Amino acid sequence: MKQHGGGDVSQRIATISAHLNPHKLQFELCILNICAYNHNLKMERSSGLESAICRAKGGAPGFRVAILGAAGGIGQPLSMLMKMNPLVSLLHLYDVANTPGVTSDISHMDTSAVVRGFLGPQQLENALTGMDLVIIPAGVPRKPGMTRDDLFNINAGIVKTLCEGVAKCCSKAIVNIISNPVNSTVPIAAEVFKKSGTYDPRRLLGVTMLDVVRANTFVAEVLGLDPREVDVPVVGGHAGVSILPLLSQMKPTCSFTSEETAYLTSRIQNGGTEVVEAKAGAGSATLSMAYAAVKFADACLRGLRGDANVIECAFVPSTVTELPFFASKVRLGRNGIEEIYPLGPLNESERVGLEMAKKELAGSIEKGVSFATK
Ligand SMILES: NC(=O)C1=CN([C@@H]2O[C@H](COP(=O)(O)OP(=O)(O)OC[C@H]3O[C@@H](n4cnc5c(N)ncnc54)[C@H](O)[C@@H]3O)[C@@H](O)[C@H]2O)C=CC1
Ligand SMILES: O=C([O-])CC(=O)C(=O)O
């Protein structure tokens, strides 16, 4: 049976309509629907958009962004929100499952970014070639009772393979790593890039934005403020006590009782677990994470565009402490990280928290490095 493209379909409909035989019309339209469906399936499997009928080649002004793990719990809302971002001209959605459906769905949104889908390892290189920003939420999430480190055995290999693809196909891209345990997956990515001779520490960022988003929300609740007016730096890493909110440096300046500090620090550090338990086996934070990831990716893109004073917290290669990686405020620019800010003055409880955070981080960083170098 001939596969009908868009032009063929409208011609056939016009011809059939001219006959005006209602039974025949219904039957023919049904056949045409099946043909168009088969045709679409074929095209989605390859690229999500058939280039022969698409004049937009992603050459419009804007950035080219790939999402690896795009069909997952985070990946889907993240893909949707990135499709809404006017700074994005081309959006590549890659996953090992279900990208055709997600790509087809998102590509119908009437925003300017062109969307293309890529399915399975044989399409990874096409997904990555030419990208300016690669966001990685691929990997398994926690279930109740697990720590983020319990995900290491599966996610370490996934991140390693995907970063090998980045090194080969778009070594100048900014890379945002979401996959847990972030405290180990970022060091793994660094080792992969070092091994391939493409390492640029300014371009590798672990996404800890959700900790900042939670801190702003929980602090605003306690103080009765609008969370949009609150900015709490969160430093260290992204697991348990390595998540260190610096309440003494929040904006607007506020003071807290020791009871409030203990409550807020614990709630921010355990925000992920709070969601994992509430989802009761159905995964971890996806919607708030997609929101946070887009906030962070947008900051990276504004930096790439050359905007001034784009400053966010992220887990990055760092000399702020004696550890090789640490989350703190960074300024983003045309080359990725342009400046890493020192921690600033800490109060007594933050100094204690910093020592605990560093202890927790050291082991996770070492675990990632030795996995990638062995
Ligand atoms: N950095 C952060 O603040 C946060 C990180 N996470 C982490 O993000 C990760 C993803 O979480 P969810 O989206 O909820 O999980 P999910 O299981 O819903 O989705 C993961 C997606 O990754 C895909 N995938 C698996 N192996 C792949 C590979 N080799 N290449 C490409 N795609 C692959 C799966 O097919 C799936 O679509 C987890 O590791 C989770 O712990 C979650 C929340 C916050
Ligand atoms: O807790 C988890 O497993 C997911 C995560 O990193 C978070 O929500 O902060």
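Everything here concerns the structure above.
In every chain, residue numbers begin from 1 and rise along the written sequence. Lettering of chains starts at A and numbering of ligands starts at 1, both following the order in which they are written. In keeping with the model being predicted, local features are shown solely for residues with a pLDDT of at least 70 and side-chain atom pairs are shown and tallied solely at 80 or more, while totals for entire chains, interfaces and linings include all residues. Only hydrogens and water are removed before side-chain values are computed, so all heavy atoms of the structure are retained for them.

A. Structural context of the nonpolar core. Here, nonpolar core refers to any group of buried Ala, Val, Leu, Ile, Met, Phe, Trp, Tyr and Cys residues whose side-chain atoms link them within 4.5 Å. Classification of residues uses two cut-offs on accessible area relative to the type maximum, computed with a 1.4 Å probe and protein chains only: under 20% is buried, over 50% is exposed, and between them is partly exposed. Core analysis: the biggest nonpolar cluster contains 48 residues, and Leu68, Leu128, Val134 and Phe193 have the highest contact counts within it. Should any heavy atoms of two residues lie within 4.5 Å, those residues are counted as being in contact. Setting aside residues no more than four positions away along its own chain, Leu128 makes contact with Ala66, Leu68, Val134, Leu162, Gly165, Val166, Cys169 and Cys170. In this structure, Leu93, Val102, Ala113 and Leu133 belong to the second largest nonpolar core, which totals 43 residues.

B. Fine view of the packing of aromatic side chains. Any Phe, Tyr or Trp ring, taking Trp's six-membered ring, that has another such ring centre within 6.5 Å forms a pair; planes under 30 degrees apart are called stacked, those over 60 apart edge-to-face, and the others tilted. In total, this model carries 2 aromatic pairs according to the counting rule given. Between Phe152 and Phe371, the aromatic rings sit 5.5 Å apart at their centres with planes inclined by 85°, giving edge-to-face as the arrangement. Taken together, the residues span a long stretch of sequence, with Phe152 in helix H6 (residues 152-169) and Phe371 in helix H12 (residues 348-373) at a distance of 219 residues. In terms of burial, Phe152 and Phe371 fall into one category: buried. Note on geometry: a ring has a charge over it if NZ (lysine) or CZ (arginine) is within 6 Å of the ring centre and within 35 degrees of the ring normal. A cation sits over an aromatic face here: Arg267 above Phe218, 3.9 Å from the ring centre. Sitting over the face of the ring of Phe152, Lys367 holds its NZ or CZ atom 4.7 Å from the ring centroid. By definition, any uninterrupted DSSP run of H or I lasting at least four residues is a helix, any uninterrupted run of E lasting at least two residues is a strand, and each is numbered from the N terminus.

C. Representation of the pattern of salt bridges within the structure. Take a side-chain nitrogen of Lys or Arg and a carboxyl oxygen of Asp or Glu: if they are within 4 Å of each other, that pair is a salt bridge. A complete count under the given rule lists 16 salt bridges for this structure. We note a salt bridge from Glu322 to Lys358, for which the minimum N-O separation is 3.3 Å. Of the two residues, Glu322 is situated in the loop between strand S9 (310-317) and strand S10 (325-333) and Lys358 in helix H12; the sequence distance between them amounts to 36 residues. Of the residues examined, Lys358 reaches a relative accessible area of 13% and is grouped as buried. Residues joined in a network through salt bridges with shared partners are Asp200, Arg202 and Arg203.

D. Summary view of empty space enclosed by the protein. Each cavity reported here is a set of points on a 1 Å grid over the protein atoms alone in which a 1.4 Å probe fits but cannot get out, each pocket an open set with protein on both sides within 12 Å along at least five of seven lines, and each lining residue one with an atom within 4 Å of a point. Grid points are joined across faces, edges and corners, and a volume is the space filled by probe spheres set on the points. Under the definition given, this model contains 1 cavity of 30 Å³ or more. When residues are grouped by polarity, Ala, Val, Leu, Ile, Met, Phe, Trp, Tyr, Cys and Pro land in nonpolar, Asp, Glu, Lys and Arg in charged, and all others, Gly among them, in polar. For the lining of the largest cavity, the class distribution of residues is 5 nonpolar, 2 polar and 2 charged.

E. Structural view of the environment of Ile188. The residue Ile188 is located in helix H7 (residues 182-196) in this model. What makes Ile188 buried here is its relative accessible area of 0%. The spacing of Ile188 and Gly368 is 180 residues in sequence and 5.0 Å in space, taken between C-alpha atoms.

F. View of helix H9 (residues 258-269). Helix length check: H9, at 12 residues, gives a terminal C-alpha distance of 16 Å against a target of 16 Å (1.5 Å per residue), a fit within 8%. On the buried face of H9, the contacting elements are helix H8 (209-223), strand S8 (243-245), helix H10 (271-279) and H12. Multiplying 1.5 Å by the residue count of a helix minus one yields the expected span of that helix.

G. Focus on the site of ligand 1. A single heavy atom is enough: if one lies within 4 Å of a molecule or strand, its residue is considered near that molecule or strand. Of all residues adjacent to ligand 1, which total 28 residues, the nearest are Gly73, Ile74, Asp95, Val140 and Asn180. Under the rule applied, a polar contact is a pair of N or O atoms within 3.5 Å (in protein, one hydrogen donor and one hydrogen acceptor; residues adjacent in sequence only if both atoms are side-chain atoms). Val207 places a main-chain nitrogen or oxygen 3.3 Å from a nitrogen atom of ligand 1. Only the protein chains shown count as cover for residues, and the accessible areas themselves come from Shrake-Rupley with a 1.4 Å probe. About the coverage of ligand 1: the protein hides 84% of its 860 Å² of free accessible area. To decide whether a molecule occupies a pocket or cavity, check its atoms: if more than half lie within 2 Å of the grid points, it is inside. Spatially, ligand 1 is embedded in the largest pocket. Of all the secondary-structure elements, those providing two or more residues to the shell around ligand 1 are strand S2 (88-95) and H6. Of the residues forming the shell around ligand 1, the biggest block, 3 residues, is contributed by H6. Of the residues assigned to the shell around ligand 1, the class counts are 17 nonpolar, 10 polar and 1 charged.

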